[in-house]
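The lines below spell out each chain.
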Amino acid sequence: MKYLGVPLLAKRLGIKDCKCLVDKVKNKVNNWKLKKLSYAGRLQLASSVLNAMQTYWASVYVLPYNIVKEIDKLLKGFLWAQADSAKGKAKVAWKDVCVPKDQGGLGLRPLKDWTETLIVKQIRRIISKEESLWSKWVNLIKLKCISFWDITAGYNDSWGWKYLLDLRDKVKHHFGSVYVNGRIKWVWITNDGKSVPFSTHQVWKDLRVNRAKVSWWHVIWYKGFDPKHAFLLWLAVLDRLNTQERMAKWLPNKQFSCVFCGKEKDSIKHLFFMCEFSLQVWSELKKKLLFRGLPDKLNDIVHDLAKYPNSKSIWNVINRMVIAACVYLLWQERNYRLFKKIERDADTVCKAVQDFVQCKLLTLKVKQNDAVNRVAEMWGLKFVNNCLFLFAEKKTAKKKTTGCKIGFIHLDDYDTDDKEDLDNIPIALASAFR
Ligand SMILES: [Zn+2]
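Scope of this entry: the structure provided in the associated data block. If you're wondering where the values come from, they're calculated on a predicted model, not measured in any experiment.

### Quick notes on the overall build of the chain
Here is step 1 of the chain: Broken down by element type, the chain carries 20 helices and 11 strands.
Here is step 2 of the chain: Across the 434 residues of the chain, 47% fall into the buried class.
Here is step 3 of the chain: Pairs at least 24 residues apart make up 62% of the contacts formed inside the chain by residues separated by at least 6 positions.
Here is step 4 of the chain: Of the roughly 23,700 Å² that the chain leaves accessible, carbon and sulfur atoms contribute 53%.

### Considering unusual backbone geometry
Here is step 1 of the chain: The backbone of Asn181 sits at a positive phi, close to 50°, despite the residue not being glycine.
Here is step 2 of the chain: Considering the arrangement of structural elements, one finds Asn181 in the loop between β3 (175-180) and β4 (183-189).
Here is step 3 of the chain: Given a relative accessible area of 76%, Asn181 falls into the exposed group.
Here is step 4 of the chain: Of note in the backbone geometry, Lys341 takes a positive phi value of approximately 55° without being a glycine.
Here is step 5 of the chain: Following the sequence through the fold, Lys341 ends up in the loop between α17 (314-340) and α18 (346-361).

### Focus on the packing of helix α6 (residues 111-127) against helix α7 (residues 133-143)
Two measures define how a pair of helices packs: the angle their axes make with one another and the distance between the axes.
Here is step 1 of the chain: The contact between α6 and α7 brings their axes to 8 Å, and the two run at 70°. By the angle between their directions, the pair α6 and α7 is classed as roughly perpendicular. Counted together, Gln122, Arg125 and Ile126 of α6 and Trp134, Ser135, Val138, Asn139 and Leu143 of α7 form the full contact between these two elements.
Here is step 2 of the chain: Within the contact of α6 with α7, the residues separate by chemical class into 4 nonpolar, 3 polar and 1 charged.

### What about the pattern of salt bridges?
Here is step 1 of the chain: Scanning the model with the defined rule gives 12 salt bridges in all.
Here is step 2 of the chain: Between Asp23 and Lys19 there is a salt bridge whose closest N-O contact spans 3.3 Å. Taken as a pair, Asp23 and Lys19 lie in helix α1 (residues 15-34) at a separation of 4 residues, close to a single helical turn.
Here is step 3 of the chain: Classification of Lys19 by relative accessible area gives partly exposed; the value is 42%.
Here is step 4 of the chain: Via salt bridges that share partners, Lys95, Asp96 and Arg211 belong to a single interconnected network.

### Some words on the sheet that holds β4
Here is step 1 of the chain: Taken together, 3 strands build an open sheet; the order of strands is β3-β4-β5 and the sheet is antiparallel. The sheet terminates laterally at β3 and β5 (195-196), the two strands that pair on one side only.
Here is step 2 of the chain: Where β3 meets β4, 6 bridges bridge the pair, whose relative direction is antiparallel. Residue pairing in the sheet places Ser177 in a bridge with Trp186 of β4.
Here is step 3 of the chain: Contacts from α6 reach β3 and β4 within the one sheet, and its direction differs from that of β3 by about 40°.
Here is step 4 of the chain: Contacting β4 and β5, helix α10 (residues 200-207) runs over the sheet at an angle of about 45° to β4.

Calculation notes
- Residues numbered from 1 in each chain as written.
- Predicted model: local features only at pLDDT ≥ 70, side-chain atom pairs only at ≥ 80, totals over all residues.
- Heavy atoms only, no water.
- Helix = DSSP H or I, 4+ residues; strand = E, 2+ residues; numbered from the N terminus.
- Buried < 20%, exposed > 50% of the residue type's maximum accessible area, 1.4 Å probe, protein only.
- Contact = heavy atoms within 4.5 Å.
- Areas by Shrake-Rupley, 256 points an atom, 1.4 Å probe, with all protein chains shown as cover.
- Axes fitted to C-alpha atoms, helices over the stretch in contact; angles between N-to-C directions.
- Parallel < 35°, antiparallel > 145°, perpendicular 65-115°, else oblique.
- Nonpolar A, V, L, I, M, F, W, Y, C, P; charged D, E, K, R; others polar.
- Salt bridge = Lys/Arg side-chain N within 4 Å of Asp/Glu carboxyl O.
- Pairing = 2+ DSSP bridges.

Below, the structure written as structure tokens:
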């Protein structure tokens, strides 16, 4: 019998009971594989599966380790597999994908770690002798008069109970108590020694393995980022795109040459900034930006933009949009030429980047200032009521020209700081690109 898709069991949950969960994920993944989805689309779907597991199953049961492993494997295969193949070669290891975005990952929450977090919640219920049937049962039948921290696992105990007891060493130092109105209240001691009210979010934050923050994460993942562009830029920053330079390591005898200029093997540096085709695209794009220097390394640009993590300046947003869109469209053009034998010239690629950025600008809510006026002028837009609009020339029967709105999406709230826009950022960028 099931309730909300979760089996109702009087006994402990076994691998057999979770089989339907694995089958469900497998069916979903197989259906999705038939559709041609971008990496960004796959990431979104993998994330939705994990969230659903965490919301329903993992919060009701302790999922067996083998099941968690199997689901992780299915999602990993789905994220990296091509539409027509069962297996996909992972460009980035799953353990690196499953770390927060500010630590260089894609922000997926691994099921195993999340399960651990939810078990800690159960431990708190036991030691605080919460008014619940389960807590009362554990205290009366399992613990009797022995402290939870001292009891040893019995031979016949369930694997779920043993799992819970095994976790004690890892979390004991996180449990603290305070007296409130003469009663003990359990609090959570964070990794930096602060006592805070117990919350799943805080437990998750403290128990997962944290890595050093990466400076460039907000250059890729900012408010209003384009998922497809962001995913590709993330791969490029990590140097995981299958460029010819990388391919040559696996195929040392194969002759490679850049699909644009034919002069050398393509690499991230060559493809995006050094190739004559890319330089042509860049030289046009630069006219729409406030800096004139040209970087020769993607990482240099990204690290330079990373110096302004909290800047909401409109030029900062435009810089990030242009970099991501340009990298995406150049990579797309390279693949079109290589695999589809379709060619677009540099002007068309440049126009595609500009059209994309122009459309994105229409979605911003901005305050009028010098920077916004300058953006409107340079990108062919008009400022009306805290938004940028695109006006088209419309010829009437009397050959008069009138303005008309083409499109508008009201999404973000960008508060601009004109001093920073006009002075600091362009100068800093220009000096870095010399
Ligand atoms: Zn080239």
